[in-house]
Structure formats: C-alpha cells, structure tokens
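Here are the chains, one letter per residue:
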Amino acid sequence: ESIRAKAAESPDESWWRASLLDTFQRRGEFEAAVAVAEGPLPEGWRVLSAGQLGLILAETEGGVRVEQLIDRANGQSFLTAAPLPLFELTMQEVADAPSTEERADETGKDSPAPKPETCRLSAVTGWEQADIILPAAEGLQITWRRPKDARLGDLSVTARVVPDHKQNAFRWAIEVDNPSDRWTTWRVAFPQVAVADLGPEAEVFLPRGSGEVQAGLWQRESRHQGTYPNGWTTMAFMAAYDADRQTGLYVGMHDPLGGTKDILVESRPTDRAVVFAFDHPVEDMGRPGNDFHPEGYAVWQFLRGDWFDAALIYRDWVRREARWWPELGPDGRTDTPAWMRELPVWLLGGGSPEGFTPAVEEFAKFAGVPVGVHW
C-alpha cells in the first residue's frame, strides 16, 4: 500500500513500480512482486510515458511482451494479466505446383493439391533475437530477427513506438522484411489488445454500421468481426471507457489510404477481457519474398470521455491525413450532385421488378415529391 501511495504522489517516478506490483500479484508471481517492490526495473524491461498514459515492455525468451498499459493518474490498468502479443504473423510456403501425374492417386484420378505449409510467429515467442532499442529520437524501436524455425531464413520484424505527450497517446508503426524465395508473408495481426474490465459502468464502442455502444461486454459473450472498409464495418477504431471515472482507451489504425483490414471486437468473459484487433492481409500475398510496409500507424490513446470523444479523435485525424477525405464546400461534399443533396425522401426495399416497381410508384405518388430508391 505504501508503494501505491508513493506512486499516487509521484506518478512521474513510481507509477511503473505500483503497476508491475499489481501485475505480478495478479499472476501469482510473488517473488517478482517482492523484487520490484523496492528494486530497480528488471533487466531487459523498458518504461515509456505519453502524458497520462504509461507503457511497460519486457524482453522475453524469444520475443518482446507488452507488460502493461496504464492510466498513470489513477492506476487503472488497461491490459489483462495475460496480455495479447503485440502482433501475430502468418507465413505460408509457396511450393512448386505438382504435375498432374504427381497428383494422381492409385485409381488414376486426379487428387487435390496438398495444402501449403503455414507457420505462425508472434511478438512474444519464436525468435532467436529480440531487442528493445533506445534510438536517438524519442521513443523505442523493437526488432525481432531470425525465427527459430530455420525455414523462414532471415525474416525480421521492426516496430517503433513514439509517445505523443500532448495527446496522451502512443503511435506504433510496424514493418516485416521477408527475404525468402520460398515463403510469402500472408497476414499480420497488429495491433492486438486484451482490454481489462474497467468497471461495472464501463462501455465498449465498436465500428459496426454507424457505430454501436455495448455495456457489460466483459460479463457476456459477444463478437463482431468485419472487413474494413465496407458498409457494416465503417471506421477503423474501437474504444473502451468508463465515462464517469474519466478513464478509457482508444485503439485505432490511422491509415491514410484506408487499406483493407479485418477488425475484431470480441469479449472473453472467462478472462474478463474484451479483445481489440486489426488483421491485415499482406499485399502480394502468395508471392515469395513479399514484405509488409503499411501506410499509417496504430494508436493507443488515453480517452477521457465516451464514444463521442473517441469519434472526435478519429474524425480529427481523418480531416488532417486521410487521402480519401473529400473536398468540402459550404454545402458539404463538392462531388455530390445537387439532386442527391436536395432529395427529400429515400426509400429502401427490394424484390422483383413486377412486385417492387408498382409499390414504389404508388409511394412516390403519395409522397408528392421526388423520391430516391435504394433497391
């Protein structure tokens, strides 16, 4: 308790100690808790602050783990005791296509081609070398080199995290370099966050349709997975927050090109967690030696407010950097024709022309004004 009190009095100096103490106690790692109570930061660990948001990273045997992400002012942990890997990487072998003779079975019939070999790596395991580096610029660089699976050769991953003190945010960038002439980079799940239960009044925003707010998601099963961008997954951000306590976390992919990505919001009641994840199909998937150098960056930002405040974070970024943001005039989008802007009524429906068209014509006659139809 004295350690927690000291952290509250001097958040700039002791917040990480109280955070790690809680983390180790929740895991049942009491020797580690005792060691961190009065001792220095463990070897191979790094602490980074971005205003009110604190980040703790640790080198592991074969990787690097995000140990903690915390609201430094009140000690609220945003991660569960068992955090998800920052990324998961799927590689696929590109084998030579077998000939028809090679694929023929004993009956002489053509048999299906064998499924390609798949290999998965994560940020926390599977690497011969993983280092957290302090570059000259503010922030950290993390490198993963030489997978333990020797078939993958000199595959490497580099992640950079830069704090934005003014916005209380961390910005993450990632690159995958694949020099293999046999393996293709297939998918990269990045970033991934298992958000801890923020309290009985906490809510989750998910980007389904025009956006949804769900309460009690840590206590019940729920799952939304959709491909962005489309009509049912419309924004590349999620949020979890307790508006009354003024604490929360915004997780977004600020991609100026609006590239394809699968977005997951999944509750795990057993772990008292809600998972936020982005899964990227890699350009040129299927071609050996393809790299992953995405545009934009991931954002973990402290959220003081609710879904509306989270939406403002995303909107402000879109207006500044998104290349698909339209030109706006006094009346809105300049590329929208006047007839569409001035149309008084839209009708949504469907069916065969024989059954649908008469009903639409009757409705338009009843309305007495121009009517648009989404068929």
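For clarity, every value in this text was computed on a predicted model and none was experimentally measured. (Residues numbered from 1 in each chain as written. Predicted model: local features only at pLDDT ≥ 70, side-chain atom pairs only at ≥ 80, totals over all residues. Heavy atoms only, no water.)

The next subject is the environment of P207. Assignment of secondary structure puts P207 in the loop between β12 (203-206) and β13 (212-215). Note on P207: relative accessible area 0%, which makes it buried. The sequence separation of P207 and L264 amounts to 57 residues, and the corresponding C-alpha distance is 9.6 Å. If we skip the residues at most four places from it in the chain, P207 touches H224, W232, T233, T234, M235, F237, M238, I263 and V265. (Helix = DSSP H or I, 4+ residues; strand = E, 2+ residues; numbered from the N terminus. Buried < 20%, exposed > 50% of the residue type's maximum accessible area, 1.4 Å probe, protein only. Contact = heavy atoms within 4.5 Å.)

At the junction of F190 and P191, the peptide bond is cis and its omega measures out at -10 degrees in the coordinates. Tracing the chain through its elements places P191 in strand β11 (residues 183-196). With omega at 0 degrees, the peptide bond leading from Y228 into P229 counts as cis. Despite not being glycine, R272 has its phi angle at roughly 50 degrees, a positive value. Take R272: it is sitting in the loop between β17 (261-268) and β18 (273-281). On the basis of relative accessibility, which here comes to 41%, the residue R272 falls in the partly exposed class.

Further remarks concern helix α5 (residues 307-321). If you check α5, its first and last C-alpha atoms are 21 Å apart, about what 15 residues at 1.5 Å a residue would give, namely 21 Å. Within α5, the full set of buried residues consists of A310, I313, Y314, W317 and V318. Buried residues of α5, seen end-on, are gathered within an arc of 130 degrees and therefore sit on one face of the element. Its buried side turned inward, α5 meets β14 (223-228), β15 (237-242), β16 (247-254) and β19 (297-302). Where α5 begins, one side-chain oxygen reaches toward the backbone nitrogen of F308, 3.1 Å away; that side chain belongs to D306. (Expected span 1.5 Å × (residues − 1). Arc of directions from axis to C-beta. Polar contact = N/O pair within 3.5 Å; in protein donor to acceptor, adjacent residues only side chain to side chain.)

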